[in-house]
Amino acid sequence: MHDAAMNHAFLDRVLTGAQVDVYYHFGVASDDPILAQFRDVRAIVLAGSGDRIEAFARRWSALHDGAEVLALPKEERFTTRYCAGVLFASHGMGMPSASIAMQELMRLVFFLKGGDHAAMAEVFWARVGTSGGVGLPGGTVVVSTEGVMADLGPFRLLAGGHGEYRFDGRFPRDVAEAIVAANAGSGIPIELGRTVAGNEFFLEQFRLDGAICMETPASKQAWLEWIHREGVRNIEMEGAMIAGYLNHWGFPRFAMVCATLLDRLAGDQVTATPDELAAFNERSGDVLMRYLATTLR
Ligand code: URA
């Protein structure tokens, strides 16, 4: 873990009790007794929607003899469940929303593990989601090797007076490969690849079907073909930031597993039927659960 990257001026005061940390968007604070039950957290599973979080927590509970599922009461922004060592949390859509979830969850992990680097390093993080495939049919699951922005550069933010902050979006390769290996023989098509995180579903994913469109069929196709040549296999909206923040603190184990809903080389609109979409959605969860079940008994 990278100690110097942690905001000790704030985080250490929470450990000593000089400061109560309010994880505002999750509706819980560091002095809430419920957090004593989260201290054993070994994995954090993130997904965009609260319904998926609820479904994952139920599945995890069923795999653990019906272990109790705890819920944080506030669900206005994010939905959170805790069951058998796994904290399941939704992050909404896009990097601004997901970055709030990440900042508060990283603070929470620091607090729950008492600032102990070895204990923090044992926590596995994963985002399970949906994406647009690039050269892959709908229903393929992509395990990301790197998260980049639409220009294939790293996740960046404006930094007051200093230009920009840049974050390393690489996902640990050994974890990605272990996820693929844990799913050998499952029959689910799985690919490793780079992932673009667009700041927008339409403009920054070069779609032609937005209310605002600034691309032509030719410029869109050229972008898609370029990113495909550069090893990108899917497009979603959070991975570059999530990997970037986790690398910033030096978490060694994390992954992103996304099902593709369509092949962007063939079109822009998601036209799969509700049944197909539900089946595609299930796949990314299945792939992660199979890996989790082998690593966190
Ligand atoms: N999610 C995205 O961000 N893009 C898609 O094309 C599909 C799902």
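Structure first, text after, so check above.
Definitions and limits used
- Residues numbered from 1 in each chain as written.
- Predicted model: local features only at pLDDT ≥ 70, side-chain atom pairs only at ≥ 80, totals over all residues.
- Heavy atoms only, no water.
- Salt bridge = Lys/Arg side-chain N within 4 Å of Asp/Glu carboxyl O.
- Helix = DSSP H or I, 4+ residues; strand = E, 2+ residues; numbered from the N terminus.
- Buried < 20%, exposed > 50% of the residue type's maximum accessible area, 1.4 Å probe, protein only.
- Expected span 1.5 Å × (residues − 1).
- Near = heavy atom within 4 Å.
- Polar contact = N/O pair within 3.5 Å; in protein donor to acceptor, adjacent residues only side chain to side chain.
- Areas by Shrake-Rupley, 256 points an atom, 1.4 Å probe, with all protein chains shown as cover.
- Nonpolar A, V, L, I, M, F, W, Y, C, P; charged D, E, K, R; others polar.

### Comments concerning the pattern of salt bridges
Enumeration over the complete set of coordinates arrives at 15 salt bridges. Of the charged contacts in the structure, one is a salt bridge between Asp21 and Arg107, with a shortest N-O distance of 2.6 Å. Placement of Asp21 in the loop between helix H1 (8–16) and strand S1 (22–23) and of Arg107 in helix H3 (residues 95–112) is noted, with a sequence separation of 86 residues between them. A salt bridge links Arg194 to Glu146, with the nearest nitrogen and oxygen atoms 3.0 Å apart. On the criterion of sequence distance, the pair formed by Arg194 in strand S11 (residues 190–197) and Glu146 in strand S8 (residues 141–148) is long-range, its members being 48 residues apart. Using a relative accessible area of 18% as the deciding quantity, one classes Arg194 as buried. Judged by its relative accessible area of 21%, Glu146 is partly exposed. A single salt-bridge network, built from bridges that share partners, covers Glu54, Arg58, Glu75 and Arg81.

### Regarding helix H7 (residues 239–249)
Among the 11 residues in H7, 10 count as buried, and that is most of the element. If you check which residues of H7 are buried, you get Gly239, Ala240, Met241, Ile242, Ala243, Gly244, Tyr245, Leu246, Asn247 and Trp249. Directly after H7, the chain includes Gly250, whose backbone phi takes a positive value near 85°.

### Digging into helix H2 (residues 50–63)
For H2, spanning 14 residues, the distance from its first C-alpha to its last is 20 Å, which sits close to the expected 20 Å at 1.5 Å a residue. If you check which residues of H2 are buried, you get Arg52, Ile53, Phe56, Ala57, Trp60 and Ser61. Positive phi appears at Asp65, one or two residues downstream of H2, with a value of about 50°.

### Thoughts on the site of the ligand
Looking at the ligand, the residues that line it are Thr130, Ser131, Gly132, Phe201, Gln205, Arg207, Ile235, Glu236, Met237 and Leu262. A distance of 2.8 Å separates a nitrogen atom of the ligand from a polar side-chain atom of Gln205. With the chains in place, 93% of the 240 Å² that the ligand exposes on its own is no longer accessible. Only strand S7 (124–133) and strand S12 (232–236) provide two or more residues apiece to the shell around the ligand. The element contributing the most residues to the shell around the ligand is S7, with three residues. Each residue belonging to the shell around the ligand can be placed in one class, and the counts come to four nonpolar, four polar and two charged.

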